[in-house]
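This is what each chain is made of:
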Amino acid sequence: GARHIEAALPHLRELALENHQDATSHDLLALCEAGGPRVGVTFDVVNPLAVGEEPFAFVHRLGARILNVHLKDYTVHSTESGYRLVRSALGEGVIDWASMLALLVRVALANKVFIPDGSTSWMSFPSRKHLMRPPAVSTRMSYQRLVSM
């Protein structure tokens, strides 16, 4: 929590906490405020969906606290217990990329962008495997869509 952030700050230029699939924008904003102006967020565009939050609302709430951006897209599949998120190439999922990129430029203009390669371990569950492309194919498609926008 905040105590650990305070201990790390003297050794860091800035600290960017990623919005993995377990923290809301409210949670991260509270940590940023506790840590001070050098604490921000690495915004993974689709991860808010995992905590029932809308990605555009997340960006509006965190604004200038967004220090890095991970571009990623998901499709959403209904299940008996709710929904499952499955990684897809940019533009094949649920994110309106023209609108998202325009918003990110307004609130995080000078920040870095990272396109994950899709090789994270949670993607290896057998129930999801039939819905995935090989990581290199997905990354190449994402990059091609991004530069064409």
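This structure is a prediction, so every number in the text was calculated from the model and none was measured. (Residues numbered from 1 in each chain as written. Predicted model: local features only at pLDDT ≥ 70, side-chain atom pairs only at ≥ 80, totals over all residues. Heavy atoms only, no water.)

Caption draft 1: Spatial organisation of the packing of aromatic side chains. Applying the stated criterion across every chain, the model contains one aromatic pair. Aromatic side chains F43 and F58 sit 4.9 Å apart centroid to centroid with 15° between the ring planes, which places their arrangement in the stacked category. Highlighted residues: F43 in strand β2 (residues 39-44) and F58 in helix α3 (residues 55-62), separated in sequence by 15 residues. Its relative accessible area of 0% is what places F58 among the buried residues. (Phe/Tyr/Trp six-rings, centres within 6.5 Å; stacked < 30°, edge-to-face > 60°. Helix = DSSP H or I, 4+ residues; strand = E, 2+ residues; numbered from the N terminus. Buried < 20%, exposed > 50% of the residue type's maximum accessible area, 1.4 Å probe, protein only.)

Caption draft 2: Spotlight on the environment of V59. The residue V59 is located in helix α3 in this model. Separated by 11 residues in sequence, V59 and P48 place their C-alpha atoms 9.9 Å apart. Every residue in contact with V59, bar those within four places of it in the chain, is listed here: F43, I66, M100, L103, L104 and V107. (Contact = heavy atoms within 4.5 Å.)

Caption draft 3: Looking closely at the pattern of salt bridges. Tallying each qualifying case throughout the model produces two salt bridges. With a closest N to O distance of 2.9 Å, K72 and D44 form a salt bridge. Note that K72 is positioned in the loop between β3 (66-70) and β4 (73-79) and D44 in strand β2, a separation of 28 residues in sequence. Given the relative accessible area of 8%, K72 is considered buried. The exposure class of D44 is buried, given its relative accessible area of 2%. (Salt bridge = Lys/Arg side-chain N within 4 Å of Asp/Glu carboxyl O.)

Caption draft 4: Just a nonpolar patch on the surface, in detail. Residues V76, Y83 and V94 make up a contiguous nonpolar surface patch of about 260 Å² in total accessible area. By the secondary structure assignment, V94 is in the loop between β5 (82-88) and α4 (97-108). (Patch = residues over 30% accessible without salt bridge, like charges linked within 9 Å, V, L, I, M, F, W, Y side chains within 5 Å. Areas by Shrake-Rupley, 256 points an atom, 1.4 Å probe, with all protein chains shown as cover.)

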